[in-house]
Amino acid sequence: MHTRHTILLLTSLSLPLFAQLPANYQLADDWLLSPTSYKASVTPTQDGNAITFGNGLFSRTISTSIGSTINYTNSMTGESIIRTVEPEGTLTIDGETYFLGGAKPLKNKAFLTKPWLQELSPLPNSLKLTNYEIGEPTERLKWKRVRHHEPDAKWPPAGKTLRLDYQFTPEALSASDPLLASDSGRKQHFSDDFTSLKKDWKIHATQSTERANFENEGKAGEIYTFPHTAVFAERPLPPDTALVEASINVGTDTSASWGPGIGLVFDNGKTIKLNIRHNDKHHVLGLFDGSSEHTHVNQTFKPDTTAPVHLRARIDGSKITFDARNSNSSRWHSITSLTPPKTFGAPKAFRVGKMARDGGPTDHDASGEHVRLKVENVAFYGPYKKPKSQASPIHPLAQLKVSVHYEIYDGIPAFSKWITLTNNAKTPINLDRFNLETLSVVEYENQVELRDGVPVLAPRVLHAETDMAFGGFSHRNANRHTVKWLTDKSYSTQVNYPKQTPCVLKVEPTFGPDQTIAPTTTFETFRMFQLVYDSEERERRGLALRKMYRTIAPWVTENPLMLHCKSSNEKVVKRAIDQAAETGFEMVILSFGSGFNSENDDPNYLAHWKKINDYALSKNIHLGSYSLYSSRSAGKGNDIIPPKGMRNAHGRCPAITSPWGQKYIAKLYNLFKTTGFMVFENDGTYPGDVDTTPRPPLQKGVNDSRWVHWRIWTDFYKFLRSRGVYFNLPDYYYLSGANKCGMGYREVNWSLPREQQRIITRQNIYDGTWKKPPSMGWMFVPLTQYHGGGAAATIEPLNQHLDHYEIMMKSNLGLGVQACYRGPRLYDTEATKTMVTNTVAWFKKHRDILESDLIHGRRADGIDLDWMLHVNPALEERALLSVYNPTDKAITKTIQVPLYYSGLQGTATYSTNGGASKTLSLDSSQRASLEVSVPANGYSYIIWKKN
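Named according to an unreviewed UniProt entry, the chain is Alpha-galactosidase originating from Rubritalea tangerina.

Spelled out as structure tokens, the structure:
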């Protein structure tokens, strides 16, 4: 029987030439090949009217008069990126929204002209750009380098920084003039801090329960009753009363209309009431205006019921104004104003506590568990009289320093941006919301109509992501909480008649952050990273994105060989360490199901594992462990409870802000400090679940829960990065220090027969490396059974499936990817040991080029040769072609190898499978026409060097 060799000679390609410059490229050099001339710069104009930053690949200009971006150009194509001016950022502080710079809107938002720019005037009440500073990048986190990584990795990245300082103008301050403290310019008529219950209070207590009282267990002002019943104290208003105030600790009260509050009783017996009501798992303010109930007034103020909430009513003639403030801020917020009908007469009495819906003494029902709450104090004041000699108080926001930061990088069309707020006042402020970036971008396409099933595409010139990324294996999924493309109804000249063209980039958190900034402290937003594309071609866009990751998170180029040990038995673990050292592997992790418990903080247990870790280090092997966070329940009130209509990503997840969560994270810190472990796999990472439960002092509730969880977890990850710990996370935490996420595979596929696993492995790598360098994604090799499949799916006994074991290693290593080799050992016989050792040695010999970018050739399909090409113009080995034969017959075939991104031109030297060097001429597109031969179910590689 003769073996038929398939021979196919290709002299041209029917596919587009993807390895070449874009048709409209305007620069002399391709920055992907020759990036060194594109240096970051920040240049103020001579007249001081503008500041331009960029690096020759893009430029962005800030007007100093309006403090906003007025020009943003893609220098690679010469095209404008933006079409109108937007503020440089937005802050919502204590319920009020402020713009960082910005201009009055132009009538035509389709483009910008120089005359229009000259006529721009600042947005009313916006913050003014007052100062700037140019500097050098600094580390945003510590990266301890203890293992192999990209040879020319730089940290921090080379480039320039620009800091823009903004201040509140007198106009902005007057527009949000703080309401005066209750005792400012007013004579106090009455005060009661309820150290005892004064006899002149008239107490109403429901008759539905004997325990209902306004002095529970001897504590004056403490109410104990059923949720929907009335218990309150009343007293007449002294003559000339113009302001009444009370502070109320809501305690366990979760009632709505019967929630605690303050009320004014009028001459005709009617009551006007402001109360704290529980609404869908959080608290809001409600109002009864004397005739009807309003269940949510002033939606910008969020009562923080983890501490007393302060309510007051100002009486100005016939006008009543209700204000509120939280205990963590001295700033009062105007909630609502109303003028009662003349038939009401004047306010004659004050009520505080739990009143009926209409402010009266009736009950709704006597059901539910008793609730406990407390009125902390009450005060009455006279009319306001401004002292003649009194200077105007200093507005707390006048002492707030707001800075917008830019970090521009050498050699890549990318930058990062973030905002800091430093509170130099004597009182805290609360940052409710922020917007980090709003850009009105030139639209990608102009569809006149809108039709079902035909989306209007967003602009493709910009890529934006943040370091607040979670809940996905891809940047799009992980950044859905912070990066959005929106439509612009004010863009009146757009072609799309319904005005549904997505053309506004918004970068901001979906919730919160709702963070209190204490005096003398600084708050920092998350960071946005923005990349300008020069092409629509998929590979070139991928190369740009991958280069950005290596620039802003170079630890992702760490790519160690790792054994996932299935046992925590000391003998098995030490044997795994020994085998790893002998074969050239670099890590052993105590895998899920091994029996190791990362939450066991017994000193003896940790001391035992420190000894084993010391043994591993003596063999130059890094040892570590696995821990699961999300997708399990901690119970006893420790789990995240999502808002109505939302679901936890993994079904259930403990709150890291809960008592259980704080103990858990403390155990993880202690584990690494005590044992010295250098590897960690955190499965079930925090996926962005929102928690409705207040968990003081760490968490207020819905609006800050996501921010606080993200901060606690990323602080831990940065701690690991600073110690040199290598860690895999099944999520997109790269920009917070993580080394790897999954390449992207379905776990049950490792239960398929071995021959199918080989194809799927290379398919997954082909698909996963469009947007990730090979070192950023892990794959899987089941040495033992995983999710089923039996003997047909596993490699053990290793020596009986040596050919499959070898091609699985080469399918990963030949494409620069590390897999999780899961089992108790790496070899079982000398023949197996030799194969593993030789394969690892080959990988390490060519490691730098194998871990370089991949050009996608032909995706594995089980029918014909599949191949991918590594390229790196900075190495001596400029390219490495990995070719796989999935069939049972040898194949010889001519491939047009696209060597453009290797930097090779004219002629190139190559060798096949380590053989003798040969020289080959390249065509005008820098392609090499190469005949390759690959044995049945085998692998061949070709290395290219500069001639």
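Caption draft 1: Representation of the confidence of the model for the chain. Chain-level pLDDT for the chain is 94 on average; 97% of the residues reach the 70-or-more range. When the criterion is pLDDT under 50, residues 1-18 qualifies, and its contacts beyond four places in sequence or with other chains add up to 29 contacts.

Caption draft 2: A look at unusual backbone geometry. For the bond running from Trp 155 to Pro 156, omega is 0°, close enough to zero to count as cis. Tracing the backbone shows Pro 156 in the loop between strand 9 (128-135) and strand 10 (159-167). Of note, the bond from Pro 696 into Pro 697 is cis; its omega dihedral lies within 30 degrees of zero at 5°. Mapped onto the elements of the fold, Pro 697 is located in the loop between strand 39 (679-683) and helix 8 (702-723). A positive phi angle, close to 60°, is found at Lys 499, a residue other than glycine. Considering the arrangement of structural elements, one finds Lys 499 in the loop between strand 31 (483-487) and strand 32 (502-507). Phi is positive for Ser 631, close to 80°, though the residue is something other than glycine. Considering the arrangement of structural elements, one finds Ser 631 in the loop between strand 38 (622-628) and helix 7 (659-675).

Caption draft 3: Region of interest: the packing of aromatic side chains. Following the criterion strictly, the structure yields 59 aromatic pairs and no others. Each ring, one from Phe 716 and one from Tyr 717, has its centre 6.0 Å from the other, and the planes form 50°; the classification is tilted. Assessed through its relative accessible area of 0%, Tyr 717 is described here as buried. It is Arg 527 that lies over the ring of Trp 418; its NZ or CZ is 3.6 Å from the centre. If you follow Arg 538 out to its NZ or CZ, it ends over the ring of Trp 770, 3.9 Å from the centre.

Caption draft 4: A look at the side chain of Ser 247. Here Ser 247 lies in strand 16 (residues 243-249). Taking the relative accessible area as the measure of exposure, Ser 247 reaches 1% and is therefore buried. At 3.0 Å, the side chain of Ser 247 and the side chain of Asn 377 are in polar contact. Those residues in contact with Ser 247 that lie beyond four places of it in its chain are Pro 308, Val 309, His 310, Lys 374, Val 375, Glu 376 and Asn 377.

Caption draft 5: Inspection of the pairing of strand 45 (residues 866-871) at higher detail. Extensive coverage of strand 45 is indicated by the burial of 6 of its 6 residues. Judged by which residues are buried, strand 45 turns out to be covered on both faces: Asp 866, Met 868 and His 870 on one side and Trp 867, Leu 869 and Val 871 on the other are all buried. Looking at chain direction, strand 44 (residues 853-858) and strand 45 are connected through 5 bridges and run antiparallel. Paired with His 856 across the strands is Met 868, a residue of strand 45. Across 6 bridges, the pairing between strand 45 and strand 46 (residues 877-884) is antiparallel. By the bridge assignment, Val 871 is partnered in strand 46 with Ala 879. The turn joining strand 45 and strand 46, which pair antiparallel and follow one another in sequence, is formed by 5 residues.

Here is what the cut-offs are and how they apply
Residues numbered from 1 in each chain as written. Predicted model: local features only at pLDDT ≥ 70, side-chain atom pairs only at ≥ 80, totals over all residues. Heavy atoms only, no water. pLDDT = per-residue confidence, 0-100. Contact = heavy atoms within 4.5 Å. Helix = DSSP H or I, 4+ residues; strand = E, 2+ residues; numbered from the N terminus. Phe/Tyr/Trp six-rings, centres within 6.5 Å; stacked < 30°, edge-to-face > 60°. Buried < 20%, exposed > 50% of the residue type's maximum accessible area, 1.4 Å probe, protein only. Lys NZ or Arg CZ within 6 Å of the ring centre and 35° of its normal. Polar contact = N/O pair within 3.5 Å; in protein donor to acceptor, adjacent residues only side chain to side chain. Pairing = 2+ DSSP bridges.

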